[in-house]
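# Overview (structure and organization)
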Amino acid sequence: MTDLDVHFDRYYTYAEMTAALERLVAAHPNLATMSSLAKSFEGRDVWLIEIGNKETRPLDEKPGYYIDGQIHAEEHATSATALYAVFHLLTQYGKDEEVTRLVDTQTFYILPRINPDGAELSLVSPYYNWCGNGRFMPGADRIEGLIPEDIDGDGFIVWMRVPDPKGEWKKDANNPDIMVQRAPGEEGGQYFRMYPEGTIRNYNGVNVPVEKPFDGNMNRNFPTNWSHQEYGAGEHPLSEPEAFGMAKFILAHPNICGMCAYHTHGGIILRPSMTKPDSAMSARDMNLYKEIGKVGTELTGYPTVSIYEEFTPDKSVVRRGGLMDWTYEEMGIISFGTELWDLERTAGVPKEGYYNLYPRNSEIQQKVYDYVKANMAEKGWRDWKSFDHPQLGKVEIGGMVNIWTYRNPPGNLLEEICRQNVLFNLKHAAAAPQVKIEDLSVTPMGADLYKVRAVVGNFGYLPTNLSDVAITNKVAKPVVASITVEGGELAMNPEKVELGNLAGRNERLYPWSPWGQQWTANAKPVEWLVRAPAGATITVTSKSEKGGTQRAVHTIS
Ligand SMILES: [Zn+2]
């Protein structure tokens, strides 16, 4: 694609990704740095790429935008998308207006691969469906039940269909490669149970437990609402080194205004809340999520949905300890999680619901089967073959290779998926508050006295507090205006003035009364009296934790 030799038609190993990042950063030393946030169990670095023009302002004095990928090992398209963000920002700087403006006025923090150990393991045969984060080999921590294993030695972990008169599955009448559910009252056919390919630890000869709690779901390892009952939650919040490294970084960068955490799959943009209905959210926050989400839907075709309302099948069992809960419900940062790639929609299946684990009928399965056989057959499908299982007897092994079908798009579709989603990241980033000194006037009052008046305004879409949650949780910091007089002195009014929060233009979305509404100010004046003989220099600084720091200088002539 370019002389940088970075490609988005394949999935990179850790070494390939590291080398690509090094080439990109080395080619743009004035715009990017690369550092390690944490070491994985197997000793790999979790890379952080910081992007921004340091010549305009120090990076931590600008609004920050955070992107991460591959907290879940099998979600390889997420790492490609985060890498694409690095690639796009660096190679389009100076060419594309939006990229140039954002790199000049904001800071990007990009973590392309949070879980390098799990990612490495799932990239190679036998393509584990769940890899954790290198603390254990898949299944090593389980006491009983199905341990994923490539028992027929063909290089893939797929599915076992086990003949069983009690079984709930049967072969589809038209296509025996497809397994469909047996109807209520249906008798007289050949029936099966289905399990992932593997062996059974501590088998009692009857039951095959499949889902047991195990470690390594780092997206349940964050502090807010953490619960040991979540599968993979870890021993305690932030027990996993990669999650701990991320959390320390996020806390050390309070300028972060927006976040996108990438996952697969589903082709949807997820927004808060994770734990409560929309009716219990701040209406102002919900409206801004919906409005920014609309921009995402336009750019990606992905609907924007609430995790609680539309992505939680059982509302009595909400997800706890996820990253977004911590970053939004606790810190008030505007956070999205995007589930890339929808195999079914791509195969022409109409979308029905967003978290749909129900068994598919033969028509839907046939469409997906046809698409996979035509486009992803090399790694996505294994023909059923009979096999003598040491514990289950005669079985058949084959079917869909989930990681190379449902979980990740084929290489020829990857770049466009990356591009569309990164374009949404840029628009979300650009919604940040932007605090500026819009007017500085210095009026002589006689006898070396001057009245200094500055107007500090927020030019961004979002308010300087980002969200109502940040105010409720008392984490929103006021905008501060301050003055220094070099070669003179301050004669009246305190050196530092707190201006509170400045509104963003999103406030006009809030459906309050359309008449007589008192809006929050988006700009405020501040005045000082200074004694400043000729040659003195007056510096006014506006400082907003989220909206950046700006200085205006006036020299008395
Ligand atoms: Zn995920």
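You'll find the structure just up there.
Residues numbered from 1 in each chain as written. Predicted model: local features only at pLDDT ≥ 70, side-chain atom pairs only at ≥ 80, totals over all residues. Heavy atoms only, no water.

### Thoughts on the overall build of the chain
A count of helices and strands for the chain gives 13 helices and 24 strands. For the C-alpha atoms alone, the extent of the chain along its principal axes is close to 105 × 55 × 40 Å. Per-residue burial for the chain yields a buried fraction of 55% across its 557 residues. Within the chain, contacts between residues separated by at least 24 positions form 72% of all contacts whose residues are at least 6 apart in sequence. In the structure as shown, the chain presents an accessible area of about 23300 Å², 51% of it carried by carbon and sulfur atoms. If the 55 positive side-chain charges of the chain are averaged to one point and the 72 negative ones to another, these points end up 3 Å apart. (Helix = DSSP H or I, 4+ residues; strand = E, 2+ residues; numbered from the N terminus. Buried < 20%, exposed > 50% of the residue type's maximum accessible area, 1.4 Å probe, protein only. Contact = heavy atoms within 4.5 Å. Areas by Shrake-Rupley, 256 points an atom, 1.4 Å probe, with all protein chains shown as cover. Lys, Arg positive; Asp, Glu negative; His and termini not counted. Charge placed at Lys NZ, Arg CZ, Asp CG, Glu CD.)

### Digging into the coordination of the zinc ion
In ideal tetrahedral geometry, four donors around a metal make angles of 109.5 degrees, whereas ideal octahedral geometry with six donors gives angles of 90 or 180 degrees. For the zinc ion, every protein donor is listed as His 72 (ND1), Glu 75 (OE), Glu 75 (OE) and His 263 (ND1), and the spread of their distances is 2.0 to 2.3 Å. For the zinc ion, the four donor atoms are set out with angles of 57 to 145° between them, so the coordination reads as irregular. (Donors = N, O, S within 2.8 Å, 3.2 Å for Na, K, Ca; no water. Tetrahedral: all angles 85-135°; square planar, octahedral: opposite > 155°, others 65-115°.)

### A word on helix 8 (residues 323-330)
In terms of burial, helix 8 is a largely internal element, seven of the eight residues being buried. Positive backbone phi, at 80°, marks Gly 332, one or two positions downstream of helix 8.

### Quick word on unusual backbone geometry
A cis geometry characterises the amide bond from Ser 125 onward to Pro 126, with omega recorded as 15°. Tracing the sequence through the fold places Pro 126 in the loop between helix 4 (116-123) and strand 5 (145-148). Look at the link from Pro 272 to Ser 273: it is a cis peptide, with omega at 10°. Inspection of the secondary structure puts Ser 273 in the loop between strand 12 (268-271) and helix 6 (283-300). Unlike most non-glycine residues, Asn 202 shows phi in positive territory, near 50°. Mapping Asn 202 onto the fold places it in the loop between strand 10 (198-201) and helix 5 (241-252).

### Brief notes about the environment of Lys 315
Within the secondary structure, Lys 315 is located in the loop between helix 7 (307-310) and helix 8. Setting aside anything within four residues of it in sequence, one finds Lys 315 in contact with Tyr 308 and Glu 309. Within the structure, the side chain of Lys 315 is placed 3.0 Å from the backbone oxygen of Thr 312, a separation counted as a polar contact. (Polar contact = N/O pair within 3.5 Å; in protein donor to acceptor, adjacent residues only side chain to side chain.)

### Digging into the environment of Ile 49
Its place among the elements puts Ile 49 in strand 2 (residues 45-51). Classification of Ile 49 as buried rests on a relative accessible area of 0%. Separated by 28 residues in the primary sequence, Ile 49 and Leu 21 have C-alpha atoms spaced 8.2 Å apart. If we ignore the near neighbours within four places in the chain, the residues touching Ile 49 are Leu 21, Val 25, Thr 33, Met 34, Val 86, Phe 108, Tyr 109 and Ile 110.

### Regarding the sheet that holds strand 22 (residues 523-531)
Whether parallel or antiparallel, the strands of a sheet pair through hydrogen bonds between backbone atoms. The strand order across the open sheet formed by four strands is 17-18-22-20, and the pairing between neighbours is antiparallel. The open sheet terminates on both sides in strands that have one partner only, identified here as strand 17 (435-446) and strand 20 (489-492). Sheet twist, expressed as the mean angle between neighbouring strand axes with direction ignored, is 35°. Of the strand pairs in this sheet, strand 20 and strand 22 are connected by three bridges, and their pairing is antiparallel. By the bridge assignment for strand 22, Met 492 is matched with Leu 529. (Pairing = 2+ DSSP bridges. Axes fitted to C-alpha atoms, helices over the stretch in contact; angles between N-to-C directions.)

### Some remarks on the packing of aromatic side chains
The tally for this structure, following the rule as stated, stands at 14 aromatic pairs. For the ring pair Tyr 289 and Tyr 328, a centre distance of 5.2 Å and an interplane angle of 90° mean the geometry is edge-to-face. Residue Tyr 289 is found in helix 6, and its partner Tyr 328 is found in helix 8; the two are separated by 39 residues along the sequence. Tyr 328 matches Tyr 289 in its accessibility class, with the two residues each being buried. Here the aromatic cluster, defined as three or more aromatic residues joined through ring pairs, consists of Tyr 11, Tyr 127, Phe 156 and Trp 404. Here Arg 44 stacks its cationic end above the ring of Tyr 14, 5.9 Å away from the centre of that ring. The side chain of Arg 161 reaches across the aromatic face of Trp 384, ending 4.0 Å from its centre. (Phe/Tyr/Trp six-rings, centres within 6.5 Å; stacked < 30°, edge-to-face > 60°. Lys NZ or Arg CZ within 6 Å of the ring centre and 35° of its normal.)

Coordinates in, geometry out; function isn't part of it.
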